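# Coordinate inspection notes
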Amino acid sequence: MTMSGKLLPLLVFLFCSVLVFASVGLGKEDPELKQCKHQCKVQQQFGRSEKQECLDRCDRYYKEKQERRDRDVEGVDQEDAWNPESPQRKLRACERQCEQRGREEERRECQRQCLEEFRREEEKQRGGGGGRDGVVENKRDPEEQFRRCKEGCERQRGGQEVQRRCVERCEREYRQHQGREEERGGGRGVEQENKKDPEAEEQFRHCKEQCQRQRAGQEQHQRCRERCEREYEQRQRRGEGNPRREEGREEWEESEGQQEREPYVFEDQHFTTKIETQHGRVKLLQNFKERSKLLRGIENYRVAVLEADPQTFIVPNHWDAEAIIFVAKGRGSISLVRHDKRESFNLNSGDVLRVPAGVTVYLINRSNNQQLVLVKLLQPVSTPGHFEAFFGPGGEDPESYYRAFSTELLEAALNTRRDRLEKIFGQQRQGVIIKASQEQIRAMSRHEEGGIWPFGEKSKGPFNLFHKRSSLSNQYGQLYEADPSDCRDLDELDLGVGFANISEGAMITPYYNSRATKIAIVTNGEGYFEMACPHLSSPEFGGEGGRQHGGGRHQGRTSPSYHKVRAQLRRGMVYVVPAGHPVITVASDNQNLEILCFYVNARNNEKFLLAGRRNIINQLEREAKELGFGLPAREVDEVFRSQEEEFFLQGPRQQRHHEGRAEA
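Description of the structure in this document. The shown structure was predicted, so the numbers you read here are calculated from the model rather than taken from an experiment.

Rules behind the numbers
Residues numbered from 1 in each chain as written. Predicted model: local features only at pLDDT ≥ 70, side-chain atom pairs only at ≥ 80, totals over all residues. Heavy atoms only, no water. Helix = DSSP H or I, 4+ residues; strand = E, 2+ residues; numbered from the N terminus. Buried < 20%, exposed > 50% of the residue type's maximum accessible area, 1.4 Å probe, protein only. Contact = heavy atoms within 4.5 Å. Areas by Shrake-Rupley, 256 points an atom, 1.4 Å probe, with all protein chains shown as cover. Pairing = 2+ DSSP bridges. Axes fitted to C-alpha atoms, helices over the stretch in contact; angles between N-to-C directions. Parallel < 35°, antiparallel > 145°, perpendicular 65-115°, else oblique. Nonpolar A, V, L, I, M, F, W, Y, C, P; charged D, E, K, R; others polar. Salt bridge = Lys/Arg side-chain N within 4 Å of Asp/Glu carboxyl O. Patch = residues over 30% accessible without salt bridge, like charges linked within 9 Å, V, L, I, M, F, W, Y side chains within 5 Å.

### Side note on the overall build of the chain
Within the chain one finds 21 helices and 26 strands. Counting across all 664 residues of the chain, residues that qualify as buried make up 46%. Within the chain, contacts between residues at least 6 apart in sequence are counted, and of these 73% link residues at least 24 apart. For the chain, the accessible area works out to roughly 36,400 Å², and carbon and sulfur atoms hold 47% of it.

### Focus on the sheet that holds strand β11 (residues 372–380)
Strands belonging to one sheet form pairs held by backbone hydrogen bonds; the direction of such a pair is parallel or antiparallel. An order of β2-β3-β4-β11-β6-β9-β14 is seen for the 7 strands of this open sheet, with the pairing classed as antiparallel. Each edge of the open sheet carries a strand with a single partner, namely β2 (271–277) and β14 (463–464). Of the strand pairs in this sheet, β2 and strand β3 (residues 280–285) are connected by 6 bridges, and their pairing is antiparallel. Bridge pairing links glutamate 276 to arginine 281 in β3.

### Let's talk about the packing of helix α19 (residues 622–629) against helix α20 (residues 633–640)
Running from amino to carboxyl end, α19 crosses α20 at an angle of 90°, the nearest separation of the two axes being 8 Å. When the interaxial angle is binned, α19 and α20 end up roughly perpendicular. Residues Arg622, Lys625, Glu626 and Phe629 of α19 lie in contact with α20, whose contacting residues are Ala633, Val636, Asp637 and Phe640. Considered class by class, the residues forming the contact of α19 with α20 number 4 nonpolar, no polar and 4 charged.

### Quick word on the sheet that holds strand β16 (residues 477–482)
Strand order in this open sheet of 7 strands is β1-β22-β19-β24-β17-β16-β15, and the pairing throughout is antiparallel. Edge strands, defined here as strands with exactly one partner in the open sheet, are β1 (265–266) and β15 (472–474). The pairing of β15 with β16 spans 3 bridges and is antiparallel. Residue pairing for β16: leucine 472 is matched across the bridge by leucine 479.

### Focus: unusual backbone geometry
Between aspartate 397 and proline 398 the backbone carries a cis peptide bond, its omega angle lying at 0°. Here proline 398 lies in the loop between β12 (389–390) and α15 (407–414). In this model, glutamine 311 sits at a positive phi of 60°, which is unusual for a non-glycine residue. For glutamine 311, the location among the structural elements is in the loop between β4 (302–308) and β5 (312–319). Classification of glutamine 311 by relative accessible area gives buried; the value is 9%. Positioned with a positive phi, asparagine 604 is a non-glycine residue whose angle comes to about 65°. Along the chain, asparagine 604 turns up in the loop between β24 (593–600) and β25 (607–609).

### Here we look at the pattern of salt bridges
Evaluated as defined, the whole model comprises 24 salt bridges. Ionic pairing is found between lysine 468 and aspartate 486, a salt bridge with its closest N-O pair at 2.7 Å. Of this pair, lysine 468 sits in the loop between β14 and β15 while aspartate 486 sits in the loop between β16 and α18 (488–493), and the two are 18 residues apart along the sequence. With relative accessibility at 22%, the residue lysine 468 sits in the partly exposed group. For aspartate 486, a relative accessible area of 14% corresponds to the buried category. Across the salt bridge formed by arginine 641 and aspartate 637, the nearest N and O atoms sit 3.6 Å from each other. Linked by salt bridges that have partners in common, Glu322, Arg354, Arg488, Asp489 and Glu492 make up one network.

### Let's talk about a nonpolar patch on the surface
On the surface, a nonpolar cluster with roughly 380 Å² of combined accessible area is contributed by Phe390, Tyr401, Phe405 and Leu409. Looking at the secondary structure, you find phenylalanine 405 in the loop between β12 and α15.

### Here we look at the environment of proline 652
Among the structural elements, proline 652 can be located in helix α21 (residues 652–663). Residue class for proline 652 comes out partly exposed when judged on its relative accessible area of 30%. Between the alpha carbons of proline 652 and methionine 507 there is a distance of 8.2 Å; along the sequence they are 145 residues apart. For proline 652, the residues in contact, after removing those within four places along its chain, are Met507, Tyr528 and Val586.

So this is what it looks like as structure tokens:
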């Protein structure tokens, strides 16, 4: 190649560089800035002031980006060059993620969030002494930096795959940072100082993921994240250790630390908010199997709670799950839509209704001043242990599943022009639970009240559990139950529904279910329960086992031992009693304890009472009692025939008070 041939590319490059420099120097707009301003001008919904504000944002963003580029050219602190948590490096990584956005509006919003996070990080460093000292301060809490990094990933809008890659990057940088700290000799101390509860961390991550999936506005997302942080902090405080309780206090006041270790008990932090608007929310209990493999027998069941404010409407949707709904509070109206008909029913407290999988359903809270609370037991039919809600009527929030189809397919399927489709599927942005006018509420409430199922016949709507005669009742409580033998829908799902109202200070006798696993939800009141569990004493599940008790009366024992599961109960809590596990439930002294029960595998289930007038020990032969207890049958009978009540009994304090009065 000739000399002129070699110089020609160089001259072309220099000439282009001069043109670029001149264009910038003369104030010619950057292509990205020009595109940003063009998008502001073509937004038809913007007024003049909104367009000007949009243009100003473009200018500010471009100016800040130029300043960052200048700083990058000058170089950054050597510490920042390797520190994965430096604001500059995090900003560059964040902007790279933004470039993967498909739509220009999403890229700009993502970049704006990157800038805001960058400014917060810089201010934090300046507050800690600035420069290198700020970096050193960050290293003292790598878990906090890791958490903030993942939060940044969750704010990204490029889809689950982009978020997953972002979280993996956070994890890599966190591990690298920890490795460097350990090499410097401070890693072990820092690790011990900042040690977190792994289960709390996992719950925190899962909670934020649920917030991210919600089709809600920025304000709702923020409230959801704040709730996650509050629950996370509470779990962390509980994990710091519990002081030893004073001797003689009531057993239902056992430490929360012990309660947290029980796999059968679920509290507020085990719920995630699936849907939330300013007018209500839907909470979902975590998958039972995720809590413990002891609950894998009910892993394909989920518990959800709907809370809707007065005069609200829940947008039509269907689930890939069978559902049994119990109205725990309030008055509503529900409509079930099939391809050839619509059935609508008014709902009242105590009503039970089945919603088959795939049936489109919508409902209202028709009360003017009372919240509507529905408790649902769902049995997924598609993915075991997981279900989704599908919204047809909707727009951007909730997003309609129609939007997932190509426009040309929708045009053909609905025989409608593109512009009209964009309008109908782009209007709704209020969320799943929205306010309705009084006229709309009245129009959708003109149905017959939910009546009683003709038990044993095909159901035609909801039935009220409280309209059925209580199966067990006395001055200490009432039990209302419907099982598969009562109605066809429960029989098809092999489920039962029960509601126990335990009078204040009273208790339910110890008993167990032969086949059914009970999922109990506390709807009101306080109290506690105790359950005998052989699994938690087994070495397979971390227990000591019958053979490993040191000396004393347990030495050499080869039979099973039993772990006492016990927990304080309050409204909103859930606990599980597996089949065959003896259980006792006690109400507090100041109010009744009300418990909703779903029974899984309820067909042909029997309750076997272990105390009270009809307990099973009384049915044993004399010789069986003597051989089983190692005592004369007369002494056994004196104990097991002394209780005259059957199912609901006096509680421990009531019993002591009664005995004290008798002695006086």
